[in-house]
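Structure assessment
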Amino acid sequence: MVMLADGFQMHAHERISLEAVRDGIRAHLNNTDSGMFPMASVGTRVADLAHIMSLTSVPVAELDIECMGCHTSHTDQILLQEFWAGFCL
């Protein structure tokens, strides 16, 4: 996301074209995982791109779980990627 935001800022100040921003991000994603993000005309799954864009290294949510039987509870910080994976299952 930082690359995208930085690219938009550079384009807004007329230092780079949107095509150059796109090409830079495509190249970075391809270097990260060439199977998931090919440079050919095959394309990329939107779900894969959304997953990569939502990754974070800092906790962004807190999860509170309470057992309805014994009323014990547990609080844990989770990462967005873990939250989405758990939510979708």
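Computed from a predicted structure; not experimentally measured.

**Things to note about the overall build of the protein chain**
Of the regular secondary structure elements, the protein chain holds 4 helices and 2 strands. When the helices and strands of the protein chain are read in sequence order from the N terminus, they spell out α-α-α-β-β-α. Partitioning the contacts of the protein chain with sequence separation of at least 6, the portion at a separation of at least 24 is 13%.

**Remarks on the pattern of salt bridges**
Across all of its chains, the model carries 1 salt bridge by this definition. Between R22 and D23 there is a salt bridge, with its nearest N and O atoms 3.0 Å apart. Residue classification places D23 among the partly exposed positions, given a relative accessible area of 37%.

**Brief notes about helix 2 (residues 18-32)**
The first and last C-alpha atoms of helix 2 sit 21 Å apart over 15 residues, in line with the 21 Å expected at 1.5 Å per residue. Buried within helix 2 we find V21, I25, L29 and N30. One side of helix 2 carries all its buried residues, which in axial view fall inside an arc of 165 degrees. In this structure, the buried side of helix 2 is in contact with helix 1 (2-12) and helix 3 (46-54).

**Considering the side chain of N30**
Relative to the assigned elements, N30 resides in helix 2. We classify N30 as buried; its relative accessible area is 17%. Apart from the residues lying within four places of it in its own chain, the contact partners of N30 are F37, P38 and M39.

**Digging into unusual backbone geometry**
The backbone of E14 shows a phi angle near 55 degrees, a positive value even though the residue is not glycine. Here E14 is to be found in the loop between helix 1 and helix 2. The class of E14 is exposed, set by a relative accessible area of 75%. We note that H71 has phi near 65 degrees; this positive angle belongs to a residue other than glycine. Relative to the helices and strands, H71 is located in the loop between strand 1 (61-66) and strand 2 (73-78). Owing to a relative accessible area of 55%, H71 belongs among the exposed residues under this scheme.

**Re the confidence of the model for the protein chain**
The predicted model of the protein chain has a mean per-residue pLDDT of 77, with 83% of residues at 70 or higher. When pLDDT is averaged over each helix and strand of the protein chain, the minimum, 50, is found for helix 4 (residues 80-88) and the maximum, 88, for helix 2.

**Things to note about the environment of D6**
Following the sequence through the fold, D6 ends up in helix 1. Given a relative accessible area of 43%, D6 falls into the partly exposed group. For the pair D6 and V21, spaced 15 residues apart in sequence, the C-alpha to C-alpha distance is 8.9 Å.

Rules used throughout
Residues numbered from 1 in each chain as written. Predicted model: local features only at pLDDT ≥ 70, side-chain atom pairs only at ≥ 80, totals over all residues. Heavy atoms only, no water. Helix = DSSP H or I, 4+ residues; strand = E, 2+ residues; numbered from the N terminus. Contact = heavy atoms within 4.5 Å. Salt bridge = Lys/Arg side-chain N within 4 Å of Asp/Glu carboxyl O. Buried < 20%, exposed > 50% of the residue type's maximum accessible area, 1.4 Å probe, protein only. Expected span 1.5 Å × (residues − 1). Arc of directions from axis to C-beta. pLDDT = per-residue confidence, 0-100.

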